[in-house]
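Chain residues, written in single-letter form:
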Amino acid sequence: MTNDQYRILLVDDEDRIRKLLHLYLTREQFEVTEAQNGQQALELALSKDFHCILLDLMLPELSGEEVCQEIRKVKDTPIIMLTAKGEETNRVDGFELGADDYIVKPFSPREVVLRVKALLRRTSEESFSKKSMYTKDLIVFNRLVIDNDSHKVTIDQRDVTLTPKEYELLLFLVKTPDKVYDREDLLKFVWNYEFYGDLRTVDTHIKRLREKMNKVAPGSGQMIATVWGVGYKFEELT
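Residues numbered from 1 in each chain as written. Predicted model: local features only at pLDDT ≥ 70, side-chain atom pairs only at ≥ 80, totals over all residues. Heavy atoms only, no water.

Caption draft 1: Quick peek at the packing of aromatic side chains. Taken as a whole, this structure holds four aromatic pairs when the rule is applied. Consider the rings of F141 and F234, whose centres lie 4.8 Å apart with planes at 55°: the pair is tilted. One end of the pair, F141, is in the loop between β6 (138-140) and β7 (144-147); the other, F234, is in strand β11 (residues 231-234), with 93 residues separating them in the sequence. Classification of F141 as buried rests on a relative accessible area of 15%. Take F234: its relative accessible area is 0%, and that puts it in the buried class. Both rings, one in F172 and one in Y181, keep their centres 4.7 Å apart while their planes meet at 55°; by these two values the pair is tilted. Each residue in the set F172, Y181 and F189 is aromatic and connected to the rest through ring pairs, giving one cluster. The cationic tip of R27 hangs over the ring face of Y24; the distance from NZ or CZ to the ring centre is 5.2 Å. Across from the ring centre of Y181, 5.3 Å away, lies the NZ or CZ of K179, which sits over that ring. (Phe/Tyr/Trp six-rings, centres within 6.5 Å; stacked < 30°, edge-to-face > 60°. Helix = DSSP H or I, 4+ residues; strand = E, 2+ residues; numbered from the N terminus. Buried < 20%, exposed > 50% of the residue type's maximum accessible area, 1.4 Å probe, protein only. Lys NZ or Arg CZ within 6 Å of the ring centre and 35° of its normal.)

Right under this line is the structure:
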């Protein structure tokens, strides 16, 4: 798939930022749709299919947090938050609502483009690489099954709905059962770039992943085990 086949929803109430990012994204052949307030963004996000949403946090009518929260009720579209709020607690709040990445203003437009490309690559490369294969790429445990062709996760034969980043995190852990990874390793291998000390990003995603697993099958979140003072690992439950 070429970049012009990727549809990006760009949401920001500042004309200057929208024009600048629109310019850089269209240079890379992305198809860009703009929204300048939260209500317009939500209507577009729910009525059309986008491959990625660039979502400003501070918006009129509906905030970026509200928009993200409403989108996550029905869609798993990758979301990158754009915000002038640089404090760690604000970043964690964004991830808890379902954002997949977070960029703090002021930012380089080139950085935004690179982040978009990285996120799209991670969320799509598996499906494209499997097109010519006839056998399913399945990871099967006693209670957990991951169909990596369709990015489908089931526990006790019940579907678990995950965001792209939650799926990547779970998939990474289950590929090496009982191997412990510290937060720095997970940031490096799952996020593919450094967060420079923002290690709570990992904790937030682990928490949300466990909650979603437990909601489908109570107690199943224990498969994502905490090794105190070290990090996290996947262990199979009987």
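Caption draft 2: Representation of the environment of R7. Among the secondary structure elements, R7 is positioned in strand β1 (residues 7-11). Distance in space between the C-alpha atoms of R7 and F30 is 6.3 Å, their sequence separation being 23 residues. With residues up to four places along the chain from it excluded, the contact list for R7 reads E31, D49, F50, H51 and C52. Of note is the side chain of R7, whose polar atom sits 2.8 Å from the backbone oxygen of D49. (Contact = heavy atoms within 4.5 Å. Polar contact = N/O pair within 3.5 Å; in protein donor to acceptor, adjacent residues only side chain to side chain.)

Caption draft 3: Layout of the pattern of salt bridges. Enumeration over the complete set of coordinates arrives at 19 salt bridges. Its salt-bridge partner being D15, residue R18 comes within 2.7 Å of it at the nearest N-O pair. Taken together, the residues R18 and D15, both in helix α1 (residues 15-27) and three residues apart, mark about one turn of the helix. When its relative accessible area of 9% is taken as the criterion, R18 is described as buried. Residue classification places D15 among the partly exposed positions, given a relative accessible area of 41%. Each of D12, E14, R16, D56 and K105 takes part in one network of salt bridges that share partners. (Salt bridge = Lys/Arg side-chain N within 4 Å of Asp/Glu carboxyl O.)

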